[in-house]
Amino acid sequence: MSAEFELQDELQSLQDISSYEIPNEHDIHDSEPGPLLQHAVGRTARDSEAIAEPELFDIFRSLLKHADAVPGALMRKLLDAIASGFSVQVDAAIRDSREEDQQVVIAHKLPLEMYAFLLHWFVSAAEKVKSKGEEDAPHPPPRRRGRGGKAGGSRAAARTAESWSWVDQIPATLELFSKAMKLKTHRIWMTSPERDAFITCITRPAYHIAESEQYMKDHGIKMNVYKVICIAVKHHGHAAAAQISIMQSLQYYEHLSEPMAELLSHLAKDFDHAQLGDEILREIAGMSFSAQDTKGPRAFSRFLVKFTEVSPRLVLKQISLLLQHLDSESYPMRMALVEVIGSLIRELSSSEDMANDSTQTHKQLSGLFDLLISRMLDLSSYVRSKVLATFSKLCELRVPFPKQRLRITRHAVAMLDDKASTVRKAAVALLTKLVKTHPWGLMHGGHLNLEKWQGYYQEVATKLDKLEDAVGKAVEREDGGEETEQEGENDKEEEDEETGGEDKDGEDDEMHTDDPESTPKARKKKKKPRAEDDDEMDVDEPRDTDLDSIMDDSDEEEQPKRKKQKGKKKARKSTVNLAAMTSEQEALAALESNEVLHLRLRKKYYSEALGFIKTIESAMDSVIQLLGSTNKAEVLESMDFFREASVYEFQTSELGIKRMLHLIWSKDNNQTSEDGKELKGVRSRLLECYRSLYFDPLPGIEPKQQVNRIAKNMIELTYDSTLAELTSLEEMMKTMMEEELVHHDIINKLWQVYSSPKSLPACQRRGAIIILGMFALAKRSVVSEKVDILLRVGLGPLGKVASDLTLARYTCVALQRLNGSAKKVKGSLLNKTLRMEMENPVFKKLQDAIKHPCRSKEWFGMAEQAINTIYALGDHPDALCNEMIKNLTRRAFARRSPQPAPDVPVDEDQDAMAEDGEPPSSAGVVSQAPLSQGILSTPGGSQASGEKDVGDVFHLSQLLFVVGHVAIKHIVFLELVEREWKRQKDEKELADKLAAGMNLQNKGSKEVEELDQVAGNVEDEIGERIAAVRETELLYGPQSLLALYGPLLVHVCGSPHKFKNQTLRATATLSFAKFLCVSSQFCDQHHHLLFKILETSRDPSIRSNIVIALGDVAVSFSSIIDENSNELYKGLSDHDLVVKKNTLMVLTHLILNGMIKVKGQLGEMAKCLEDEEPRLSDLAKLFFTELSTKDNAIYNNLPDVISHLSSGEHAVDEKAFQSTMRYIFSFIEKEKQAENIVEKLCQRFRLSDDPRQWRDIAFCLALLPFKSERSVKKLIEGLPFYRDKLHEETVFGHFAEILVKARGNKGNKPEAELNEFESILDEYRRQGVEDQALEKRVEGKKAAAKKKATRRSARKKAPAQEPEPGPEPERERAPKRRTQDDDDDDMYE
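Note that the structure is a prediction, hence the values are computed from the model and not measured. (Residues numbered from 1 in each chain as written. Predicted model: local features only at pLDDT ≥ 70, side-chain atom pairs only at ≥ 80, totals over all residues. Heavy atoms only, no water.)

(A) How the structure looks around the overall build of the protein chain. Helix and strand content of the protein chain: 65 helices and 4 strands. The buried share of the protein chain, taken over its 1389 residues, is 48%. In the protein chain, once contacts between residues fewer than 6 apart in sequence are set aside, the share between residues at least 24 apart is 74%. Surface accessibility of the protein chain: about 69,700 Å² in total, with carbon and sulfur atoms responsible for 50%. (Helix = DSSP H or I, 4+ residues; strand = E, 2+ residues; numbered from the N terminus. Buried < 20%, exposed > 50% of the residue type's maximum accessible area, 1.4 Å probe, protein only. Contact = heavy atoms within 4.5 Å. Areas by Shrake-Rupley, 256 points an atom, 1.4 Å probe, with all protein chains shown as cover.)

(B) Just the packing of helix H50 (residues 1080–1096) against helix H51 (residues 1100–1116), in detail. Taken N-terminus to C-terminus, the directions of H50 and H51 make an angle of 150°; their axes are 9 Å apart at the nearest point. With respect to H51, the axis of H50 lies roughly antiparallel. For the crossing formed where H50 meets H51, the hand is left-handed. Note on element contacts: H51 touches H50 through Ile1102, Arg1103, Ile1106, Val1107, Leu1110 and Val1113, opposite Cys1083, Leu1090, Phe1091, Ile1093 and Leu1094. Considering only residue class, the contact of H50 with H51 consists of 10 nonpolar, no polar and 1 charged. (Axes fitted to C-alpha atoms, helices over the stretch in contact; angles between N-to-C directions. Parallel < 35°, antiparallel > 145°, perpendicular 65-115°, else oblique. Left-handed = near helix turned anticlockwise from the far one by under 90°. Nonpolar A, V, L, I, M, F, W, Y, C, P; charged D, E, K, R; others polar.)

(C) Structural view of the pattern of salt bridges. This model, assessed by the stated rule, comprises 46 salt bridges. Note that Asp640 and Arg643 form a salt bridge whose closest N and O atoms lie 3.1 Å from each other. You can see Asp640 and its partner Arg643 sitting in helix H31 (residues 632–647), 3 residues apart, about one turn around the helix. Across the pair, Arg643 and Asp640 agree in class, each one buried. Residue Glu1033 is joined to Arg1025 by a salt bridge in which the shortest nitrogen-to-oxygen separation is 3.3 Å. Owing to a relative accessible area of 33%, Glu1033 belongs among the partly exposed residues under this scheme. With a relative accessible area of 43%, Arg1025 lands in the partly exposed category. Here the residues in one salt-bridge network are Asp640, Arg643, Arg685 and Glu688, joined through shared partners. (Salt bridge = Lys/Arg side-chain N within 4 Å of Asp/Glu carboxyl O.)

(D) Looking closely at the environment of Cys854. Looking at where Cys854 falls in the secondary structure, it is placed in the loop between helix H41 (841–851) and helix H42 (858–873). Residues Cys854 and Phe954, 100 residues apart in the sequence, show an inter-C-alpha distance of 9.0 Å. In this structure Cys854 touches Leu805, Trp859, Phe954 and Gln958, once residues within four positions along its chain are discounted.

(E) Here's a closer look at the nonpolar core. In terms of nonpolar packing, the biggest core is built from 369 residues, with Phe86, Phe303 and Phe1295 touching the most fellow members. At 14 residues, the largest contribution of residues to this core is made by helix H45 (residues 953–996). The residues contacting Phe86, other than those within four sequence positions of it, are Leu112, Tyr115, Ala116, Leu119, Leu176, Ala180, Phe198 and Ile202. (Core = buried A, V, L, I, M, F, W, Y, C linked by side-chain atoms within 4.5 Å.)

(F) Up close: helix H6 (residues 109–125). The end-to-end C-alpha separation of H6 is 24 Å, in line with the 24 Å expected for 17 residues at 1.5 Å each. Extensive coverage of H6 is indicated by the burial of 15 of its 17 residues. (Expected span 1.5 Å × (residues − 1).)

(G) Representation of a positive patch on the surface in the model. On the surface, a cluster of positive charge is contributed by Lys1347, Lys1348, Arg1351, Arg1352, Arg1355 and Lys1356. Structurally, the position occupied by Arg1352 is in helix H64 (residues 1311–1357). (Patch = residues over 30% accessible without salt bridge, like charges linked within 9 Å, V, L, I, M, F, W, Y side chains within 5 Å. Lys, Arg positive; Asp, Glu negative; His and termini not counted. Charge placed at Lys NZ, Arg CZ, Asp CG, Glu CD.)

(H) Structural context of the packing of aromatic side chains. Summed over all chains, the structure comprises 31 aromatic pairs. On the basis of an interplanar angle of 70° and a centroid distance of 5.9 Å, the ring pair of Tyr871 and Phe973 is categorised as edge-to-face. Placement of Tyr871 in helix H42 and of Phe973 in helix H45 is noted, with a sequence separation of 102 residues between them. Accessibility expressed as a relative area gives 5% for Tyr871, which makes it buried. (Phe/Tyr/Trp six-rings, centres within 6.5 Å; stacked < 30°, edge-to-face > 60°.)

(I) Structural detail: the side chain of Lys1285. Counting through the fold element by element, Lys1285 comes out in the loop between helix H62 (1279–1282) and helix H63 (1289–1304). Using a relative accessible area of 5% as the deciding quantity, one classes Lys1285 as buried. At 3.3 Å, the side chain of Lys1285 and the side chain of Asp1284 are in polar contact. Residue contacts for Lys1285: discarding those within four places in its chain leaves Phe1245, Arg1246, Ser1248, Trp1254 and Val1291. (Polar contact = N/O pair within 3.5 Å; in protein donor to acceptor, adjacent residues only side chain to side chain.)

(J) Layout of the confidence of the model for the protein chain. Here the protein chain averages 78 in pLDDT, while 77% of its residues score no lower than 70. Low pLDDT, under 50, characterises residues 1363–1389; the stretch is placed with 1 contact to residues that sit more than four places away or in other chains. (pLDDT = per-residue confidence, 0-100.)

(K) Highlighting helix H59 (residues 1231–1247). Counted at 1.5 Å a residue, the expected span for H59 with its 17 residues is 24 Å, and the 25 Å between its end C-alpha atoms agrees. Among all positions in H59, only Glu1231, Gln1233, Ala1234, Glu1235, Asn1236, Ile1237, Val1238, Leu1241, Cys1242 and Phe1245 are buried. Packing partners of the buried residues in H59 comprise helix H57 (1193–1206), helix H60 (1251–1263), helix H61 (1269–1277), H62 and H63.

(L) Quick peek at the packing of H59 against H60. Across the interface, H59 lies against H60 with an axial gap of 10 Å and an inter-helix angle of 165°. Here H60 runs roughly antiparallel to H59, going by the angle between their axes. The crossing of H59 and H60 is left-handed. Contacts between H59 and H60 involve Val1238, Leu1241, Cys1242, Arg1244 and Phe1245 from the former and Trp1254, Ile1257, Ala1258, Cys1260 and Leu1261 from the latter. Residue classes in the contact of H59 with H60 are distributed as 9 nonpolar, no polar and 1 charged.

This is the structure we're talking about:
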């Protein structure tokens, strides 16, 4: 048998089991395998060497070949037989290997090979009967047809699967292989091929088992696989074969990337064999990966990352070779190298070399940091993100790396402008980590307030300057007393002083600089000077415990020594108490030198911190912009950044915290996940941030102090807030109240602040009532139980007498919350509002507040909210408002005696008395202005002493304001009345139906339909009645009070030369616009006046108010505004930013809601896309984004936009045109639309003679995708329209771009047709260029001939003609006529 069995050949034959020949093969499918196995097991049990018998060996081979038909119990028995026989032979061989007789040892060769072969075969055959849980095991190989190749029945397969579980047997089998590795193979197998064949036979099963991902998840199996391979490599020369197997595993099995890295680490650490890892790293370093290959690079990248984590020192030795993959085309490999470098930095920073201040280690770290920073410019956004994530991990290291930290911070700030959202998110996360782990927190706590740190820096710099000056003066005094010193020695001392001074100056300059590149040099030198301080002096100096890491500097050590030496020399020259003087000067020199060094190090420390703080501060604006990102993860990271920045007291962090408030309107319906992590919603994260910053209790504080702190924080959130911020804060407070996150003690504290009798700052009391009003939106009882306090405080002396009208205004807002905040459901008649009788003291207080004498601009805001409160709570608000208007009218038009002008000029109310010249420079609150100022009510408008009636202009402004606001509120009140009437009618009908009961069922369906029709008619009658009241009675009814003020408003607004007061004109215009919303008849008669004011007014606030009012008018009477929409679009060209912004917002609202039609003015909106003000351009982009959701809206108006921007008086420059069109064409996505645009644009060439328009049309054509064959076909069909324009270089260039697109898109015309079209374009271009050149030559010759003929005729006529005097008077009369015409034109201007 020994001559027939060759292990290498058998292993080779086993590759194809179907063709594997067994001399005495038994067909297990036709016979029972039990007796055969029993016979074989009995023989091998008695003598393990019996395996060498051919018949017995063939039985085992037959069972393995047809293992799919062997029952599970027999498979276990078969494995036990083979394993026990192999174990016996291994033990015998190990025992006999101690003998000197070589033949005894060699006798075990054949049985060992046979048992190893059978066990090797069993590992692969066992997969055929795997259990149900082993799903990842490979499928069994196909059986051969012929002898022994019959298919096994499903019943046999089911029987084997019942009791067989191969995974339980794997650890013991691998242990047996490990045991076999103890053999002294060099004594059993004389030749290397035989020995390698045996080692391969017992290691290949380990690799085979590792190919199953499920098996490798079992720790026991995995460690046994490692053990088999490691022993083979260490003791049996398996390294070369293992290298090949490991590389193949990395290429073909993705799940083995990390296990192979662990295997090599295990081999290096536990078996002291690192050579295999080095060879594999060198082989990987020599590989190249293409950008198209995805599977291979990912597997090798994971291997490198894992290997670096578990054995960083092994990778560090080969890093110089691996670094070539930083330039690999495959970005996964570049990402892997980035992570590898990060792991190496982590390893080097925690090593003993770093603790021992090794120069080589510092140099390596510096080089690795430089490599990482350079990868921030990688082309792949994935690599850039990985670099930032790696830096985030490095921030947690124990070593601070101040120099690199500052460089990283600057680069992270620059990455905030990256085009990829993942990179921006990673940059924000890195900045957050840098702030949280900053190393400047041991001296003054963790805060990073710029102003405080600048104070620390200035303090230390001042101390250092004083100390250095004092040392310098002392040296000068001592030098002056040395008259007997030799000249040469003096010169030497002066040189020494100059050198020391230069050193000090140079170092001081270095300390002063904020450049982070030069900061970390001196962070290692604290312990030695402090030790000297402690040993030599008992000086009460502050200790800088964070300067232990400052590095040594030889210049700083030499300078104190020179000072000590000079002190000693001068002491020897002294003639009084020589010994005492020497001791004193030595002590003084030592003290001053150590103190100077200490201050210099502190100055350096503060300089580094300031550099970091300023860099973070410079990033705030960019992160604020990211709060508006559409990427949810990016927004969440930005919110976390501002939360941390606020905790560390950055100055500009409050701006970001306030901007975060607007995210309360975000929708949290979609919970997206990233990197396997569930992301919180934006709203919930916002509430979490604000709670952690302001509302959560702090540990270690008493409950009362907790309440005071939270209430104070809430109040301070209202300080200096805009209307938008207060609106967002209101929504957040309402949400917190609904979720019961506000304790009742906090509400009580806010009421206490609001009603406190103490003299509190006005902003505190205002903030308290603002927050309480916000809480009342969610819970009405917050306000309803404290109405008396509201009336006593806000509408009492503090609100009126103390002239805190802002407090009164927000008190009115809080009173409105008594009505609840339930939103009206469209179509619903349900009314949950609360109405009070007009005798309620609330209305008396409101009326008194409006009538109270006041000349402050804040009165208008208070009056507006007071009227809102009256209409929100009163059951008959019109009666109270009528009385109030009458009282204000009497006050405004009361006869007043003229008063003499005061001798001393009085500082008048600038806002109330300014004429309509330039707008006032200050819009602040002006109160307590004299009441004697007025304007003439006569048409002349000039001052008179006592003959003319004089009225108070501010009183008239108040009257007109109240009239206008009452008019607009009465419209809303009429809608409520209409709804109430309909509700009462519905209740009555429902009661009638219930009373009728079954009578309705007895009536016919026709009668029921008639009744429903009558009910519908009644509803229509209610609506028509209310509309008639609004249309005819409010402004034209004989009993209407408002009807008296319509003509007054028209007169004031239409007579700017009479009424020049700015406040009067502003209020009159606003009220006039509100009157236009009441009645279509009034609007139709007077809307032209509003447009005239919009055109002529020089006050931007008036123009801005008119634009907003026109939007309201358009909602009420869209047809009237639609006819004059051109006037509204003119606001987009206004020079004032606020007017432009309001115009754009109003037009956006009207167009998107279909209230006005777009008639070609969309080009004016498109101009705003390139506005210099980012807010305007963002609004314009938002408008076009929303417009693109409407059906074909952009497509239908695209031709008008192109014409508007390309030609005529509205045209923009080419650069702006191209940028605008590039954005608008991004919304053309339908291929059918693109085809039609191609056809229309080609036809435009025929109608245009301007080269500028040719270029614009060609550019627009080049923006289209040309994805379909029809688009290219239409372009070719339009050739006659543009062939004569191709000589224009830019036009031809755009057509060349189109051809490139057409070739790149699949499904287009064949390449031959495109080539033919290209040649035609080239030919027409060449002809056009020639024609243009010929035309220029012809024109030049014509001009030359004409010039020549002119000169010839002039020479002939010159001698014969003399000048005549007649034409001169004619030339004089002509200018007269032109001057007269000009004067006539001026008269109509």
